[in-house]
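An overview of the molecular structure
Each chain, written out:
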Amino acid sequence: APLFSKSSSTSTIDVPIDRSKEAMDLYSYLENNGAGSSLKRVALGFFPMTPDDKEFKLRGVVALKKIEKGDVIIEIPYEAAYNLGKESSDPTLPGITVLQEYCRWISGTKPSEAAKRDLGPYLSMLPPFRSDDVMGSTDFFSGEALDMFQSPQIKEETLARRDKVLARFERDVSPMMQIGKDNYKWKDGEDITEEHLRWAVWIVTSRVLTVQGSAESGDSFRLMIPLIDMCNHDRDSPHILSGRAVPGGTLKVLAGKTVTAGEQINIVYGGGVSGNDRFIQDYGFLDSFCNGQADAITAKILMGKGRIVEGAAAKHGRPMLMPEDEREKALATFDSTTLEEDLGLMHTSGSTMEGDCRTALEFRIGVKKALKKLGHGLTLA
C-alpha cells in the first residue's frame, strides 16, 4: 500500500503530514531497512513553534493512531542506524566521518564502503550547512554574542571546541585536500572549509544518542537513529528510549503514557539533567517551555547547589561541583548588569538585535531570574 494514503488513519489528524520528496524518500529508506512497522504508527508532521503560534513550522514526529502506555511508538533496527563508533569525549572524529559521507552525497559520488548503503535519504533530512537551526548553536555565534551571555564557561568552552575543530581540520582534512582527494568536495566541486567540519561536529553533538552495546562488552556507541532523532524535546515527556547497539537489535521509543492520534512524540534531551548553558551549545536553542527548569539547573550549578553532569566540565563523566573560584567569577560576570537593565535592553533593542545576541540576552535574563529565586543578590540588612 502507498505510504500515508488518504486513509482513515491520517484524515482524522489536524497535524499537516510531511509528504515532501525528502520525507517520502526517508519513509522508503526506513521501509527498505526494516523499520516499516513504525510508519504505521508515526510520521513526520508540522507543529506550531509555541502554543500560541498560528503557523505550523516545527517539524517533528506525530502519532497516526492511539498508542497504549507501554507499547512501542518507534522501532528502528540497529542496522538502519548510523554507527559513528565508540563513545568518547571528542566529537571531531565522528564529525569527520559524517562530513565525508555528507560530501560524497552532496557532491554526487558513491556512498563509502563503510556505510555499505545509501544514506542519502537520511542525510538530506539533516539541518543544512548555515541553516537557521545550525546557526542557533554557539559554535557559530559572533564574539559579541559570546560576550553577551555573560558566561565565562559558555565562551571558554565554545572557543575551545572551535580550536579542537580547527586542529582536526588542519591535521586530517587539509592534507587530503592538498593531494587532490575528492573526499572533501561540497556541491559544484567547491572545497570545504573548517566551518563545514564545525557544522558536522555540531550535527553529531546535537543528534547522536549514546547506546550501550552488548552487555558483555560494556562498550557504548554513538548512533544517529533515523526518525528517533527527529523527535523534538520536551522535559516532561514520559516516553522511554531503549535498545542496544548490537546486530539484530532494535532501538525503540516506548510510550510512557497513552498517546492519542495527532499528538507530537517528544523525548527528553540531555537526560533531563542539562541546563540552558548546555542546550544552547549542544542543541542550538534555549529550553524555555519548562517553567524555568533549564535555567534553574544552570543557576544551581553557579550557586554550588547542583552538580555539572554533562559537557567539558564534568571530568571523566563524573558529576562535579563547579570550583568556588569559577563560580565567583561567573556570578561576578552576571552581576555586571542587573536583571532590570537586561529586561530594559530586551524591551528597547531586542527586536533589532542580531539573533545570536538576542539569544545570549535571553539566556542571561532566564538565569538571572533563576538566581534571584535561589536568593542570589539578597543582602542582609
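The structure displayed is predicted, hence computed values, not measured ones.

About the criteria used
- Residues numbered from 1 in each chain as written.
- Predicted model: local features only at pLDDT ≥ 70, side-chain atom pairs only at ≥ 80, totals over all residues.
- Heavy atoms only, no water.
- Helix = DSSP H or I, 4+ residues; strand = E, 2+ residues; numbered from the N terminus.
- Buried < 20%, exposed > 50% of the residue type's maximum accessible area, 1.4 Å probe, protein only.
- Contact = heavy atoms within 4.5 Å.
- Areas by Shrake-Rupley, 256 points an atom, 1.4 Å probe, with all protein chains shown as cover.
- Lys, Arg positive; Asp, Glu negative; His and termini not counted.
- Charge placed at Lys NZ, Arg CZ, Asp CG, Glu CD.
- Pairing = 2+ DSSP bridges.
- Axes fitted to C-alpha atoms, helices over the stretch in contact; angles between N-to-C directions.
- pLDDT = per-residue confidence, 0-100.
- Salt bridge = Lys/Arg side-chain N within 4 Å of Asp/Glu carboxyl O.
- Expected span 1.5 Å × (residues − 1).
- Core = buried A, V, L, I, M, F, W, Y, C linked by side-chain atoms within 4.5 Å.
- Patch = residues over 30% accessible without salt bridge, like charges linked within 9 Å, V, L, I, M, F, W, Y side chains within 5 Å.

**Re the overall build of the protein chain**
Across its full length, the protein chain carries 13 helices and ten strands. With the C-alpha coordinates of the protein chain rotated into their principal frame, the extents come out at 75 × 55 × 50 Å. Within the protein chain, the fraction of its 381 residues that count as buried is 48%. If you take every contact in the protein chain between residues at least 6 apart in sequence, the share linking residues at least 24 apart comes to 68%. Surface accessibility of the protein chain: about 18700 Å² in total, with carbon and sulfur atoms responsible for 52%. With 47 positive and 55 negative side-chain charges, the protein chain shows a spacing of 4 Å between the two charge centroids.

**So, the sheet that holds strand 4 (residues 82-86)**
A sheet is described by the order of its strands in space; here three strands give the open sequence 4-6-5, paired in antiparallel fashion. The strands lining the two open edges of the sheet, one partner per strand, are strand 4 and strand 5 (209-212). Adjacent strand axes in the sheet meet at a mean angle of 35 degrees when their direction is disregarded. Examined bridge by bridge, strand 5 and strand 6 (residues 220-224) share four bridges and lie antiparallel to one another. Paired with Val211 across the two strands is Phe221, which belongs to strand 6. Most of the contacts of helix 3 (residues 92-107) go to strand 4, to which it runs at about 150 degrees, and overall it touches strand 4 and strand 6.

**Quick notes on the confidence of the model for the protein chain**
For the protein chain, per-residue confidence averages 90 on the pLDDT scale, and 91% of positions sit at 70 or higher. Counting contacts from residues 4-9, a segment whose pLDDT is below 50, to residues more than four positions away or on other chains yields nine contacts.

**Points about the pattern of salt bridges**
Here the structure, examined in full by the defined rule, presents 24 salt bridges. Asp191 serves as the salt-bridge partner of Lys185, at 2.6 Å between the closest nitrogen and oxygen. On the accessibility criterion, Asp191 (42% relative accessible area) is partly exposed. A salt bridge links Lys372 to Glu340, with the shortest nitrogen-to-oxygen separation between them at 3.9 Å. With Lys372 in helix 13 (residues 355-373) and Glu340 in helix 12 (residues 339-349), this residue pair connects regions lying 32 residues apart in the sequence. According to the relative accessible area criterion, Glu340 is exposed, its value standing at 52%. Three or more residues are tied together by salt bridges with common partners; here these are Asp139, Glu157, Arg161, Arg278 and Asp282.

**Comments concerning unusual backbone geometry**
If you check the backbone angles, Arg130 has positive phi at about 65 degrees while not being a glycine. Locating Arg130 in the fold gives a position in the loop between helix 4 (120-123) and helix 5 (132-135). In this structure, Leu227 takes a positive phi of about 75 degrees despite not being glycine. If you trace the backbone, Leu227 turns up in the loop between strand 6 and strand 7 (232-233).

**Digging into the environment of Asp335**
Along the chain, Asp335 falls in the loop between helix 11 (324-334) and helix 12. For the pair formed by Asp335 and Lys300, sequence separation is 35 residues and the distance between their alpha carbons is 16 Å.

**Considering helix 8 (residues 194-207)**
Taking 1.5 Å per residue, 14 residues should reach 20 Å; helix 8 reaches 20 Å between its end C-alpha atoms and fits that length. Among the 14 residues in helix 8, 13 count as buried, and that is most of the element.

**Details of the nonpolar core**
Among the nonpolar cores identified, the biggest contains 74 residues, and Ile74 and Trp199 are the most heavily contacted of them. If sequence neighbours within four positions are ignored, Ile74 has contacts with Ser38, Val42, Val61, Leu227, Ile228, Cys231, Leu251, Lys252 and Val253. Formed by 27 residues, the second largest nonpolar core is a distinct cluster that contains Ile301, Ala330, Leu361 and Val367.

**Observations regarding a negative patch on the surface**
Together, Glu324, Asp325, Glu326 and Glu328 make up a region of like negative charge exposed at the surface. Inspection of the secondary structure assignment puts Glu328 in helix 11.

**Description of the pairing of strand 8 (residues 240-243)**
As paired elements, strand 8 and strand 9 (residues 250-254) share four bridges and run antiparallel to each other. If you follow Gly243 over to strand 9, its bridge partner there is Leu251.

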